[in-house]
Amino acid sequence: MTTSNHYLTSSVREFPRTLFRGIGQVMFQDNWLTGLLFLCGIFWGAYEENLGIVAWGALIGVVVSTLTGYILCLPDEKGANGLWGFNGVLVGCAFPTFMGNTIWMWIALVLCSAMTTWVRTGLDNILRPWKVSSFTFPFVMSTWFFLLAARLFSGMPPVHMSTPEFAHGIQESLNLDFGSLVVYWLKGISQVFLINSWVTGVFFLAGLAVSSWRAAFWCAVSSALALATVLFWHGPGGDIADGLYGFSAVLTGIALGATYCNNSWKTWIWTVIGVVVTVFIQAAMNAFFSPMGLPTLTGPFCVATWIFLFPDYSFFRPKPVADK
Amino acid sequence: MTTSNHYLTSSVREFPRTLFRGIGQVMFQDNWLTGLLFLCGIFWGAYEENLGIVAWGALIGVVVSTLTGYILCLPDEKGANGLWGFNGVLVGCAFPTFMGNTIWMWIALVLCSAMTTWVRTGLDNILRPWKVSSFTFPFVMSTWFFLLAARLFSGMPPVHMSTPEFAHGIQESLNLDFGSLVVYWLKGISQVFLINSWVTGVFFLAGLAVSSWRAAFWCAVSSALALATVLFWHGPGGDIADGLYGFSAVLTGIALGATYCNNSWKTWIWTVIGVVVTVFIQAAMNAFFSPMGLPTLTGPFCVATWIFLFPDYSFFRPKPVADK
Amino acid sequence: MTTSNHYLTSSVREFPRTLFRGIGQVMFQDNWLTGLLFLCGIFWGAYEENLGIVAWGALIGVVVSTLTGYILCLPDEKGANGLWGFNGVLVGCAFPTFMGNTIWMWIALVLCSAMTTWVRTGLDNILRPWKVSSFTFPFVMSTWFFLLAARLFSGMPPVHMSTPEFAHGIQESLNLDFGSLVVYWLKGISQVFLINSWVTGVFFLAGLAVSSWRAAFWCAVSSALALATVLFWHGPGGDIADGLYGFSAVLTGIALGATYCNNSWKTWIWTVIGVVVTVFIQAAMNAFFSPMGLPTLTGPFCVATWIFLFPDYSFFRPKPVADK
């Protein structure tokens, strides 16, 4: 009884930090200060875009998915590390970004955030034999279901989603002066949470630096590398300017360069190749989903990082894999 | 020799009951009387729709896929339980429902029904480590191949399939008086076998009640719950009226509520959430497959039920999983 | 040191044969003479089509992917058997076949060829518990990424890919005299390496016969059987004439009939069914990918052969499975 009470009390006292940790875990940082800075960046960017509900959605998402972990009585130490929250916060960012502001959208947001917690358990069960984790794929898969459903359910209309169409290259002019490139580079980072604001990108870099210089380094390098790649291959200008070729690459870079592999020159090469490949997978999934008008979310990051971790080469990956 | 003869004789004598069991297993009932009532419902509905060949296709499908199990010398007790037949009977319903009545369609029906038996062995081999089964996915996957091929093979034209188009919400008026709602609710049940008839829905409920009150209860509740969900979120009227948001939810409800989980209030909540999520997955797959003009079949049920069983939470699922 | 030097020297001396073995392994033949004849066929066909760069792409692809295996220090005996090269040679055929001849296409070709080597390790890791291998799927998956990306990246334009459109049956007249049928049949074989030339088909048959009469027999039979199937079901004339319903079936036939199953009458039946099913899966994937304008590559062969090997029936497959 006493133990149970103690457990409950400490959980309640720790709850805000657990939420911040959940937000930080989106970029693999088990650090509440990182999460707090991320959240500040989200609020700044959301209100800058006049879509404040995105930030409030993020808060609701992380609360709901974390609480779901407690309700399902999942092992507590994972929840305290924020591993129940990072999918939920992304659901919370995605729903108001893509769908109309209706009561049915908010109910779906709560359902989908909760769902990511058990989808994550299921996907991690599936992937366990190969020693890789599900990354943000519980968020990606669950959100795809609801965004696709929004096409047919006028109760939560897909007002901000792109129109379904056959994929085709778009000729758009793009400013390539230094100031513009810096903005594209920072937006590539802010888009990890679906935010289109260079200031938010600075917040995110600061949040990473608080927790790990190596993560901040690879975040910065990966966004720049992705930008260079998509410019060389002449990708679509509008998406480049909005940072839409950066966010998946950023996550791949932090995952390979600063989380799952040891810190050696072989890892550096592996990570650089991984980031470049992520850009092609990003474009591929954009084109594949074009007739459905479906955003890829962070799917390209998951696919790319799996491709680079499944081989399990001993010289890239001597570290035992952490749970996330 | 004597044993072998005895085996053969008893197989032949048991064969009709094995077929009925196969039809019953579509809704998880190892009961020949259930299957017989289901078959009566199929014949009633098929002739009511002036598509009698659907019922005859169902019969051919269950015979072919069951015989394939004997020919491949698969372990006999599974065949006797009807586990070779339930995918075949659905193939037999689907082919004449979607494709033109040509000799090449019938040959493909026989090939596809037979194929489900070894596809099922393969998928169950894949899924074994996670203690879930392939459900009706052998039927879904095999039939997808042939329905997609029908777009290009004019020998079996896709005359009753919807035209490929970009997904879009449809504004249709829908009668919401009590009588209409009951019809939609019963059609949600009859569509499990691709039949559009409320009378067939009554047959199916009766067939379930003969075998298991709990299964009949969850069948009825799930179709109603799916109907309520899709009405709240303003789904497309025509599909709602035809029961097309009910059939996957019905199967999820019986699977979670009356087959794979213990009977407790936690299971009840789990099943209700599972049924609601199935409705969104149904809409998502409808939208995703819209540019291909491909029906989802019972794919949404398989995906949803996997999502709710893969986590393997001990408090929802203390029962060891049966083979199907 | 001496051992290492010896290893290096013998590798360098063996390198050309390793490359030819890699080309031969596309049709499961660990035989350098087979690979040499295949390469002659590729050069003949490529120059006949006025697309000589396809042949040079093939050479670069097999060199890059084989070298990648050495650089990654993968176990050497596999490389010597050509198992690092067969995906790369196909990448090298595919890129200049579908995309414009730009410097960015060639850089992407090198990246994608290298990538197949670790994608193969990863996929084989995933599939190991079920004792099947990844076949040519590393080539298929990696190339899909780049071909889809080509839709959006004007630096490597998809000039020879078909326009995205909704799938629909096409009425085309088709010469059915004996000479034309022989040409379609041989082109079904040459398309394994994406070559549209009956002479190349003769080269490939000769290459197989040098290594294994059984493989040559099933190659010839499978292409004929696929042709008969697609003619009976009235498939699209242009694709039939170009051999596009043959290449996947040919690979399925050699895999089931001459590589992974014992040589018995049961295997013969299994292989014939497998080849026919491959034709439907080929059409299905053609239709499914039509809105994306994406070629199936040898994906239908992989899917079909998995479907026929995953069940792991003892009477079809008593031989222990080889590594490829």
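Everything discussed here concerns the structure shown above.
Quick caveat: nothing in here was measured; it's all calculated off a predicted structure. (Residues numbered from 1 in each chain as written. Chains lettered and ligands numbered in written order. Predicted model: local features only at pLDDT ≥ 70, side-chain atom pairs only at ≥ 80, totals over all residues. Heavy atoms only, no water.)

Asker: Quick one: what's the story with the relation of the copies chain C and chain A, residue by residue and with numbers?
Answerer: Two copies of a chain can be linked by a rotation about an axis combined with a shift along that same axis. For the pair chain C and chain A, the relating rotation is 120°, the translation along its axis is 0.0 Å, and the fit reaches an RMSD of 0.0 Å. Here the symmetry operator amounts to a three-fold rotation axis. The rotation axis passes nearest to the C-alpha of C:Pro291 in chain C, at a distance of 3.9 Å. Of the interface residues in chain C, just 15% have counterparts in chain A that sit at the interface too, so the contact is made through distinct surfaces. (Least-squares fit on C-alpha atoms with pLDDT ≥ 70 in both. Contact = heavy atoms within 4.5 Å.)

Asker: Before we move on, can you summarise the side chain of B:Ser180 with the specific residues and values?
Answerer: With respect to the helices, strands and loops of the structure, B:Ser180 is situated in helix H8 (residues 178-190). Reaching out from B:Ser180, the side chain makes a polar contact with the side chain of B:Asp177 at a distance of 2.8 Å. (Helix = DSSP H or I, 4+ residues; strand = E, 2+ residues; numbered from the N terminus. Polar contact = N/O pair within 3.5 Å; in protein donor to acceptor, adjacent residues only side chain to side chain.)

Asker: Explain the environment of C:Ala228 residue by residue, including any values.
Answerer: Structurally, the position occupied by C:Ala228 is in helix H10 (residues 213-232). Taking the C-alpha atoms as reference, C:Ala228 lies 9.6 Å from C:Trp185; in sequence the two are 43 residues apart.

Asker: So what's going on with the pattern of salt bridges? Residues and values would help.
Answerer: In a structure, side chains of opposite charge can pair up when their charged atoms sit close to one another. On inspection of all chains with the given rule, the structure shows 9 salt bridges over all chains. A salt bridge links A:Arg21 to A:Asp30; its shortest N-O distance comes to 2.8 Å. On the basis of relative accessibility, which here comes to 39%, the residue A:Asp30 falls in the partly exposed class. Among the ionic pairs, C:Lys131 bridges to C:Asp312, the shortest N-O distance being 3.3 Å. Note that C:Lys131 is positioned in the loop between helix H6 (103-127) and helix H7 (137-152) and C:Asp312 in the segment after helix H14 (299-309), a separation of 181 residues in sequence. For C:Lys131, a relative accessible area of 49% puts it in the partly exposed group. (Salt bridge = Lys/Arg side-chain N within 4 Å of Asp/Glu carboxyl O. Buried < 20%, exposed > 50% of the residue type's maximum accessible area, 1.4 Å probe, protein only.)

Asker: Help me get a handle on the side chain of C:Thr116, residues and values and all.
Answerer: With respect to the element layout, C:Thr116 can be found in helix H6. Sequence-distant contacts of C:Thr116, that is, excluding residues within four places in its chain, are made with C:Ser65, C:Asn87, C:Gly88, C:Val91, C:Pro138, C:Phe139 and C:Ser142.

Asker: Explain the interface of chain C and chain A to me, using residue names and the numbers behind them.
Answerer: Taken residue by residue, the interface counts 34 residues in chain C and 36 residues in chain A. Summed over both sides, the interface between chain C and chain A buries roughly 3000 Å², with carbon and sulfur atoms accounting for 81% of that surface. When the area that chain C buries against chain A is broken down by residue, the three leading residues are C:Trp118, C:Leu152 and C:Phe153, summing to 25%. Summed over the shared surface of chain C and chain A, the number is 0 salt bridges. Viewed at the interface, chain A and chain C are joined by 8 residue pairs in polar contact (both at pLDDT 80 or more). When residues in the side of chain C that touches chain A are grouped by element, the largest group, 12 residues, is from H6(C). Split into classes, the residues belonging to the side of chain C that touches chain A amount to 26 nonpolar, 6 polar and 2 charged. (Buried area = accessible area lost by both parts, 1.4 Å probe. Nonpolar A, V, L, I, M, F, W, Y, C, P; charged D, E, K, R; others polar.)

Asker: Which residues make up the interface of chain B and chain A, and what values go with them?
Answerer: Taken together, the contact between chain B and chain A spans 36 residues of the former and 34 residues of the latter. Counting every contact that joins chain B to chain A gives 0 salt bridges. Counting only elements with at least two residues in the side of chain B that touches chain A, the list comes to helix H10 (213-232), helix H13 (265-289) and helix H14 (299-309) of chain B.

Asker: Report on unusual backbone geometry, specifying residues and quantitative values.
Answerer: Within the chain, A:Phe28 stands out as a residue other than glycine whose phi angle is a positive 70°. Given the relative accessible area of 11%, A:Phe28 is considered buried. Residues other than glycine seldom take positive phi values, yet B:Leu194 does so here, at roughly 65°. As for its placement among the helices and strands, B:Leu194 is situated in the loop between H8 and helix H9 (198-211).

Asker: Which residues make up the packing of helix H13 (residues 265-289) of chain A against H6(C), and what values do they have?
Answerer: Where H13(A) contacts H6(C), the two axes come as close as 12 Å, and the packing angle between them is 110°. Classified by the interaxial angle, the pair formed by H13(A) and H6(C) is roughly perpendicular. For the pair H13(A) and H6(C), the crossing hand works out as left-handed. Of H6(C), the residues touching H13(A) (which contributes A:Trp270, A:Ile273, A:Val276, A:Val277 and A:Phe280) are C:Leu111, C:Met115 and C:Trp118. For the contact of H13(A) with H6(C), the per-class residue count stands at 8 nonpolar, no polar and no charged. (Axes fitted to C-alpha atoms, helices over the stretch in contact; angles between N-to-C directions. Parallel < 35°, antiparallel > 145°, perpendicular 65-115°, else oblique. Left-handed = near helix turned anticlockwise from the far one by under 90°.)

Asker: So, helix H3 (residues 52-71) of chain B: which residues are in play, and what are the values?
Answerer: Every α-helix carries 3.6 residues per turn, so stepping three or four residues along brings you back to the same face. Residues and elements named next belong to chain B. Along its 20 residues, H3 runs 29 Å from first to last C-alpha, staying within 8% of the 28 Å computed at 1.5 Å per residue. Residues of H3 that are buried: Gly52, Val54, Ala55, Gly57, Ala58, Gly61, Val62, Val64, Ser65, Thr66, Thr68 and Gly69. Once H3 ends, the next one or two residues include Cys73, with phi positive near 55°. (Expected span 1.5 Å × (residues − 1).)

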